[in-house]
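Chain residues, written in single-letter form:
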Amino acid sequence: MKIISCIKPVPDPASRLTINETKTWIKDQDLTFFASEADNYALEEALRLKERHQGEVAVISMGGEEAARVLRSGLAMGADRAIHLLDAKFKGADEFAAAATLAKAIEKDGG
């Protein structure tokens, strides 16, 4: 069984969020990012399924260094491997574009 768990980096809830100069996003240079709580729960369940049924758990994320950080945390939790989707074109992608990109990467990895 192959399980792929998506992990999204989110700002630390204790961080102070400020809007950037163009008012299109938050200033994320000084923020600390973590894997979202829901994604951590999903990864824990994937690891339980792997333990019961054998197989492999991979974590996948899109983005820069913040995505790399949450992927490393997924590996530390017990995932077998990580898939890091990194491209300048992903910056500011909407939900549909992000979902389509993740779906293509998962399909390419073997469904």
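That block above? That's the structure.
Notes on the structure in this doc start here.

**A word on the pattern of salt bridges**
Across all of its chains, the model carries eight salt bridges by this definition. The partner of E44 in a salt bridge is R48, with the nearest N and O atoms 3.9 Å apart. Residue E44 and its partner R48 are both found in helix α1 (residues 37-53); the two are separated by four residues, about one turn of the helix. Overall, E44 belongs to the partly exposed group, its relative accessible area being 33%. What makes R48 partly exposed here is its relative accessible area of 45%. A salt bridge links E56 to R81, with the shortest nitrogen-to-oxygen separation between them at 2.8 Å. Here E56, found in strand β4 (residues 56-62), pairs with R81, found in strand β5 (residues 81-85); they are 25 residues apart in sequence, far enough to count as distant. Judged by its relative accessible area of 25%, R81 falls in the partly exposed class. It is possible to trace a salt-bridge network through shared partners that takes in K2, E56, R81 and D109.

Scoring rules and cut-offs
Residues numbered from 1 in each chain as written. Predicted model: local features only at pLDDT ≥ 70, side-chain atom pairs only at ≥ 80, totals over all residues. Heavy atoms only, no water. Salt bridge = Lys/Arg side-chain N within 4 Å of Asp/Glu carboxyl O. Helix = DSSP H or I, 4+ residues; strand = E, 2+ residues; numbered from the N terminus. Buried < 20%, exposed > 50% of the residue type's maximum accessible area, 1.4 Å probe, protein only.

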